Amino acid sequence: MADTDITVELLPILDDNYAFMLRRNGNSTVVIVDPGAAEPIAQKLAERGLQIGTILITHYHADHIDGVEQLALATHVEVIGNGADCHRLPKLTRTVEPGQRFELLGTTVEVLDTPGHCQGHISYYLPDAKVLFCGDVMFTMGCGRVGEGTPDVLWHSLQLLSGLPDDTVVYSGHEYTLGNAKFAAHVFPDNAEIKARLEKIQAMRSAGEPTVPTTLAEEKRTNPFLLAGTAERFAQLRAEKNSFRG
Ligand code: FE
Ligand code: ZN
């Protein structure tokens, strides 16, 4: 049965990052995903009388973890991340590993193995709430850069994510969508759905609206990296995107 009592809010931080707040309705103890800055999050929570119970970390990059230490100073904050990466993460109170499941806010969280942007990158999938937090692996109409490893590794991570149910709501770590959509239209010029989505995204960004989250169904139809089809084509597209100036 779908768990509709879990809500997710965007917490825009830094230049173009999103941290996220998960909450079970009415509960004042919340979960924060990837707090790359402490102040804006602490302020928002204080204004609303909320406190952090748990912090989830997808990967070690500063824009995803720099707020952890300060936010975890408060009493009894659980800090969860990939045990294999603990040497370069803030102090974890609980390590997890890919393939593992655990309970949070009364719902199940699956830890997905999604390296390629960097080693040790994990994603958090909540099958009952139908929500995915995929950090810098997949973005709305895009994907992360290949940091550690080969494009092949990232391709396999994207394949894993695209195997989740179509109605999964995808929360990714950055507002990169306008550039991603321009690139998508550039490499798939005959795809009407991509063109229409680019126009929609241009309008949303002009109005200051976020383009995160998205759904996996939308991504499977219009994300150029999911449409690549093969690891070879994916590697080509990823390299082309690195130098694309839309
Ligand atoms: Fe990153
Ligand atoms: Zn990032």
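All of the points below concern the structure found in this document. Note that this is a predicted model, so its numbers are computed, not measured.

**Brief notes about the coordination of the iron ion (ligand 1)**
Bound to the iron ion (ligand 1) are the protein donor atoms H59 (NE2), H61 (ND1), H117 (NE2) and D136 (OD), situated 2.1 to 2.3 Å from the metal. One can describe the site at the iron ion (ligand 1) as irregular: its 4 donor atoms subtend angles covering 83 to 178° at the metal. Read in sequence order, the donor residues coordinating the iron ion (ligand 1) give the pattern H-x1-H-x55-H-x18-D. The class for D136 is buried, based on a relative accessible area of 3%.

**What about the environment of I13?**
Tracing the backbone shows I13 in strand β1 (residues 6-13). Sequence spacing of I13 and G36 is 23 residues, and the spatial spacing of their C-alpha atoms is 7.2 Å. Residues contacting I13, with those up to four places away along its chain left out, are A19, D34, P35, G36, A37, P40, I41 and D63.

**Points about the nonpolar core**
One finds F20, L22, L56, F102, Y124, F133 and Y171 to be the most contacted residues of the largest nonpolar core, which totals 24 residues. Beyond its immediate chain neighbours, meaning those up to four positions away, F133 contacts V8, F20, L22, V33, T58, S123, Y124, L126 and Y171. Formed by 23 residues, the second largest nonpolar core is a distinct cluster that contains C134, L154, L164 and L226.

**Re the coordination of the zinc ion (ligand 2)**
At the metal site, the zinc ion (ligand 2) is ligated by D63 (OD), H64 (NE2), D136 (OD) and H174 (NE2), and these contacts range over 2.0 to 2.3 Å. One chain supplies every donor to the zinc ion (ligand 2), and in sequence these donors are spaced D-H-x71-D-x37-H. Between the two metal centres, the zinc ion (ligand 2) and the iron ion (ligand 1), the spacing is 3.2 Å, with D136 acting as a shared donor.

**Digging into the pairing of strand β4 (residues 51-56)**
Counting buried residues along β4, 5 of its 6 residues qualify, which places the element largely inside the surrounding structure. Of the strand pairs in this sheet, strand β3 (residues 29-33) and β4 are connected by 5 bridges, and their pairing is parallel. When the bridges of β4 are listed, V30 appears paired with I52. Crossover handedness for the path β3 to helix α1 (residues 39-48) to β4: right-handed. One ladder, built from 3 bridges, connects β4 with strand β5 (residues 78-82); its direction is parallel. The residue bridging I55 from the neighbouring strand is V79, located in β5.

**With respect to unusual backbone geometry**
Omega for the peptide link from V212 to P213 comes to 5°, which places this bond in the cis form. Mapped onto the elements of the fold, P213 is located in the loop between α6 (192-206) and β14 (214-215). A positive phi is found at K130, a non-glycine position, where the angle reads about 60°. Mapping K130 onto the fold places it in the loop between β9 (122-126) and β10 (131-133).

**Looking at the sheet that holds β10**
Strands sit in the order β7-β8-β9-β10-β13-β14 across an open sheet of 6 strands; the sheet is mixed. Looking at which strands have only one partner, the edges of the open sheet turn out to be β7 (101-104) and β14. Here β10 pairs with strand β13 (residues 169-171) via 3 bridges, running parallel. Note that in β13 the partner of L132 across the bridge is V170. Relative to the sheet, helix α4 (residues 151-162) contacts β8 (107-113), β9 and β10, its axis offset from that of β8 by approximately 155°.

What counts, and where the lines are drawn
- Residues numbered from 1 in each chain as written.
- Chains lettered and ligands numbered in written order.
- Predicted model: local features only at pLDDT ≥ 70, side-chain atom pairs only at ≥ 80, totals over all residues.
- Heavy atoms only, no water.
- Donors = N, O, S within 2.8 Å, 3.2 Å for Na, K, Ca; no water.
- Tetrahedral: all angles 85-135°; square planar, octahedral: opposite > 155°, others 65-115°.
- Buried < 20%, exposed > 50% of the residue type's maximum accessible area, 1.4 Å probe, protein only.
- Helix = DSSP H or I, 4+ residues; strand = E, 2+ residues; numbered from the N terminus.
- Contact = heavy atoms within 4.5 Å.
- Core = buried A, V, L, I, M, F, W, Y, C linked by side-chain atoms within 4.5 Å.
- Pairing = 2+ DSSP bridges.
- Right-handed = clockwise from strand over helix to strand, strands pointing away.
- Axes fitted to C-alpha atoms, helices over the stretch in contact; angles between N-to-C directions.

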